[in-house]
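# Residue-level structural notes
Here's the letter readout for the chains.
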Amino acid sequence: MLRDLSLQSLFMGLLVAFVGFASSFAVVLQGIRAVGATEEQAATALMILSIAMGVCAIVLSLQSKLPISVAWSTPGAALLASTTTIPGGFSVAVGSFILCAILFVIAGLWKPLEKAVNKIPSALANAMLAGILLGLCLAPIKAISEEPLFGLCILMAWIVAGRINKLLAVPAALIALILIMTFGIDFSTADQSEMFSNIVPSFTIIIPEFSIAGLIGITIPLFIVTMASQNVPGVAVLKVHNYTPKSGPLIAFTGLFSGISALFGGHAVNLAAITAAMCASEDAHPDPKKRYWSAVISGIGYIIFGLLSGLVTTFAVIAPGILIAAVAGLALIGAFSNASLAAFNDIDSREASAVTFLVTASGVSFFGISGAFWGLLAGGIILYISHFFLSPKTKE
């Protein structure tokens, strides 16, 4: 087995871990805080999520000999970031995460649920995702308005690095932020000591609570977004590279690790799509049968990053919030453009997608239930009416 390891796989695995963590940890922190987590709870959640997706990737890749990359649900974190704190606070959010993990396991083991998720119109699912991401993707513009010099430096780093290699764009923006924090902002001695006093966060178990508002406002949208934008594309990426994974057991296994993460405040881990393409490509190894080591190395990298999450979280607390949001927004622009294109590509569902997008992006909340659910419901009603009540002439 060790004979399959190569320098090429080692380099790719380390790059995947860095890109996967650096490109979206700010989104994850923002999402977990938005549903009521304290700074200590957010640090614990980030650590457990990173360790969980690392261990999950290692186990699945070694067991299957396939380059199975695992990630936290970035779209799910973006959903949480657009959600106001629900009644009951973070304990109810954790209960909702646990229910979502159970749905992942059921979807993996029980085919009817997986088929039901696949029947949700992809246009509406993408419109919901685009609506969720819109507010976050506006953060770089707001950062330039509030902090013109620093905001422009981050944006230019993202643009220049992205022209060289798209995978370097977000890490470059993060490095620009680190340089700004190091040379452009004066920290007090207390801030500096706080940053390095708690590098590894303590394990904080959250006692979950369950509510209907949490089920409808967090669990169902989180499940749909993660399945539609992460798990399903993750399997598709492997198939594109001529691998034939059994998707059900893989999704169920990520659901198990999601459940463990949820006890410590983590929202969800899932099959990766973008980093899966990196691990499964020829750049990872010329021999497809040996590329699984790139996913294994990435898993080890995620575990190391997770153990340092206390430092990462403290850095994020001390840094100006608008600059952290700007990096998170830049990390999500690609996802927003892809979701928007898929949402409005089909002319027959364009109006329903527009309704889903607008209701979701509005951020409205009724009965403690987030706009993501109402957007999907409203778009579904419009799509149903247009398909079953309007004559072909009227639709024209």
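In this report, we go over the structure that sits alongside the text. (Residues numbered from 1 in each chain as written. Predicted model: local features only at pLDDT ≥ 70, side-chain atom pairs only at ≥ 80, totals over all residues. Heavy atoms only, no water.)

### A closer look at the pattern of salt bridges
Condition: We define a salt bridge as a contact between a side-chain nitrogen of Lys or Arg and a carboxyl oxygen of Asp or Glu at a distance within 4 Å. Only protein chains enter the calculation, and the probe is 1.4 Å; a residue is then buried if its accessible area is under 20% of its type maximum, exposed if over 50%, and partly exposed in between.
In this structure the tally under the stated criterion is one salt bridge. The shortest N-O distance in the salt bridge between Arg 33 and Glu 39 comes to 3.2 Å. A relative accessible area of 27% means that Arg 33 is categorised as partly exposed.

### Quick look at helix H13 (residues 247-262)
Rules: Only DSSP runs of H or I reaching four residues or more are called helices, and only runs of E reaching two or more are called strands; each is numbered from the N terminus. To estimate the expected span of a helix, count its residues, drop one, and scale the result by 1.5 Å.
Here H13 spans 22 Å end to end across 16 residues, near enough to the 22 Å set by a 1.5 Å rise per residue. Buried residues of H13: Ser 247, Gly 248, Leu 250, Ile 251, Ala 252, Thr 254, Gly 255, Phe 257, Ser 258, Ser 261 and Ala 262, and no others.

### Remarks on the nonpolar core
Note the threshold: We call a set of buried residues a nonpolar core when its members are Ala, Val, Leu, Ile, Met, Phe, Trp, Tyr or Cys and they connect through side-chain atoms within 4.5 Å of each other. Throughout, a contact is declared for two residues whenever any of their heavy atoms are within 4.5 Å.
Residues Phe 90, Phe 97 and Ile 154 are the most contacted members of the largest nonpolar core, which totals 99 residues. Here the element with the most residues in this core is helix H17 (residues 321-344); it accounts for ten residues. Beyond its immediate sequence surroundings of up to four residues, Phe 97 is in contact with Val 35, Leu 80, Phe 90, Ile 218, Leu 222, Ala 262, Gly 265, Gly 266 and His 267. In this structure, Ile 58, Trp 293, Val 296 and Ile 297 belong to the second largest nonpolar core, which totals five residues.

### A few points about unusual backbone geometry
A positive phi angle is found at Lys 65, which is not glycine, with a value near 60 degrees. Residue classification places Lys 65 among the partly exposed positions, given a relative accessible area of 33%.

### Digging into a nonpolar patch on the surface
Spelled out, the test is: Residues forming no salt bridge and having over 30% relative accessible area are the ones grouped into patches, like charges within 9 Å of each other and nonpolar side chains (Val, Leu, Ile, Met, Phe, Trp, Tyr) within 5 Å. Where accessible areas are quoted, they stem from the Shrake-Rupley method and a 1.4 Å probe; at the residue level, only the protein chains shown are allowed to cover.
Together, Leu 377, Ile 381, Tyr 384, Ile 385 and Phe 388 line one region of the surface with nonpolar side chains, adding up to about 490 Å² of accessible area. Mapped onto the elements of the fold, Ile 385 is located in helix H19 (residues 371-388). Judged by relative accessible area, which is 36%, Ile 385 ranks as partly exposed.

That is the geometry; function is a separate question.
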